[in-house]
Amino acid sequence: MASEELQKDLEEVKVLLEKATRKRVRDALTAEKSKIETEIKNKMQQKSQKKAELLDNEKPAAVVAPITTGYTVKISNYGWDQSDKFVKIYITLSGVHQVPTENVQVHFTERSFDLLVKNLNGKSYSMIVNNLLKPISVEGSSKKVKTDTVLILCRKKVENTRWDYLTQVEKECKEKEKPSYDTETDPSEGLMNVLKKIYEDGDDDMKRTINKAWVDQEEKAAKGDTANFETLESFWALLDGDVEILIVSSKEYWLSCIYNI
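Cut-offs and rules
- Residues numbered from 1 in each chain as written.
- Predicted model: local features only at pLDDT ≥ 70, side-chain atom pairs only at ≥ 80, totals over all residues.
- Heavy atoms only, no water.
- Phe/Tyr/Trp six-rings, centres within 6.5 Å; stacked < 30°, edge-to-face > 60°.
- Buried < 20%, exposed > 50% of the residue type's maximum accessible area, 1.4 Å probe, protein only.
- Salt bridge = Lys/Arg side-chain N within 4 Å of Asp/Glu carboxyl O.
- Patch = residues over 30% accessible without salt bridge, like charges linked within 9 Å, V, L, I, M, F, W, Y side chains within 5 Å.
- Areas by Shrake-Rupley, 256 points an atom, 1.4 Å probe, with all protein chains shown as cover.
- Lys, Arg positive; Asp, Glu negative; His and termini not counted.
- Charge placed at Lys NZ, Arg CZ, Asp CG, Glu CD.
- Helix = DSSP H or I, 4+ residues; strand = E, 2+ residues; numbered from the N terminus.
- Contact = heavy atoms within 4.5 Å.
- Pairing = 2+ DSSP bridges.
- Axes fitted to C-alpha atoms, helices over the stretch in contact; angles between N-to-C directions.
- Core = buried A, V, L, I, M, F, W, Y, C linked by side-chain atoms within 4.5 Å.
- Polar contact = N/O pair within 3.5 Å; in protein donor to acceptor, adjacent residues only side chain to side chain.

(A) Expanded view of the packing of aromatic side chains. Going through the model one piece at a time under the given rule, you end up with one aromatic pair. Considering the side-chain rings of phenylalanine 108 and phenylalanine 113, the 6.4 Å spacing of their centres and the 45 degrees angle between planes classify their relative orientation as tilted. Take phenylalanine 108 and phenylalanine 113: they sit in the same class, and that class is buried.

Spelled out as structure tokens, the structure:
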């Protein structure tokens, strides 16, 4: 082996160096000794490097994991307002202003928009709003990214129109919550419909209040008292202000309820 031969040469040079007495001979032997030691060191390094390469080759190939943005979070919290030209939707996302511009995408249709924010803190964020209350202009709609906020600007197709709700679904849900009554029927029947709705939707305290009002009215009727529920004012007085019901017209009863429960 080459390294073994070099080691023997080194030992022999050391022996000769110990016996040499003349300076020129000693200098030559010292230089040779240094040369052999350097060769031995290089050989050892090469051997160690080859051994390391062999160990690396024996390892299984590393599996490169694909870059992923994690799971997608559905955005449910937002705020909105409007101007004469735009409906503005505000979505708060911490650090969104730091992601590349192309990672924030918004797609518009005449009655919808969907937002996708990619790879924000290892996650993606999605918001889809369908059935907008009114049509919007796709070309005139856009988005802006501000500090921790995405602003979606939906351009109203008809300017200077007011949106009471963001979506048609929201409008329908709100309208279902309103008491149902028919202003063309007898006023007392309309009142009964209102009271029925209030009673069904009310909590236990509200139901107790209404029940007490009915009992008081029955007792007064039994005594010959003329108090009854044919007028809205009389029932409001009996409820002691828990529900305020207003008469808008003296000719016909146009009912409006303001809940104060």
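(B) Fine view of the pattern of salt bridges. Under the definition given, this model contains four salt bridges. Between arginine 162 and aspartate 164 there is a salt bridge, with its nearest N and O atoms 3.2 Å apart. Residue classification places arginine 162 among the exposed residues on the basis of a relative accessible area of 59%.

(C) Structural context of a negative patch on the surface. A cluster of acidic side chains, namely Glu4, Glu5, Asp9, Glu12, Glu32 and Glu39, defines a negative patch on the protein surface. Contributions of two or more residues to the negative patch are made by α1 (2–19) and α2 (23–58). Ranked by residue count, the leading element in the negative patch is α1, at four residues. Assignment of secondary structure puts glutamate 39 in helix α2.

(D) Seen up close, the environment of lysine 143. Examined against the element boundaries, lysine 143 turns out to sit in strand β7 (residues 136–146). By relative accessible area, which is 29% here, lysine 143 ends up partly exposed. Sequence spacing of lysine 143 and leucine 115 is 28 residues, and the spatial spacing of their C-alpha atoms is 9.4 Å. The residues touching lysine 143, leaving out its near neighbours within four places in the chain, are Thr101, Val104, Val106, Leu151 and Ile152.

(E) Molecular detail of the sheet that holds β7. Here four strands make up an open sheet; going across it, the order is β2-β3-β8-β7 and the pairing antiparallel. In this open sheet, the two strands that pair with only one neighbour each are β2 (79–82) and β7. Here the average twist between neighbouring strands, direction ignored, is 20 degrees. Sheet analysis places β7 next to strand β8 (residues 149–156), joined by seven bridges and oriented antiparallel. Within β8, the position partnered with lysine 146 by the bridge is threonine 149.

(F) Broad picture of the nonpolar core. Grouped together as the largest cluster of nonpolar side chains are 25 residues, with contacts concentrated most on Ile89, Ile91, Phe113, Leu115 and Ile152. Contributing elements (two or more residues each) for this core: β3 (86–92), β4 (104–109), β5 (112–120), β6 (123–129) and β8. The element best represented in this core is β5, accounting for four residues. Aside from chain neighbours lying at most four places away, what touches isoleucine 91 is Ile75, Tyr78, Leu115, Met127, Asp148, Thr149, Val150 and Ile152.

(G) Representation of the side chain of lysine 156. Secondary-structure assignment places lysine 156 in strand β8. Despite its burial, lysine 156 pairs with no opposite charge, the nearest such side chain being aspartate 84 at 5.9 Å. For lysine 156, the side chain forms a polar contact with the main-chain oxygen of threonine 161, separated by 2.6 Å. With residues up to four places along the chain from it excluded, the contact list for lysine 156 reads Gln82, Ser83, Asp84, Lys85, Phe86, Val87, Pro135, Thr161, Arg162 and Trp163.

(H) Structural detail: unusual backbone geometry. The backbone phi angle of asparagine 131 is positive, close to 55 degrees, even though this residue is not glycine. Tracing the sequence through the fold places asparagine 131 in the loop between β6 and β7. You can call asparagine 131 partly exposed: its relative accessible area is 43%. The phi dihedral of asparagine 160 falls on the positive side, at around 60 degrees, and the residue is not glycine. Mapped onto the elements, asparagine 160 comes out in the loop between β8 and α3 (168–177).

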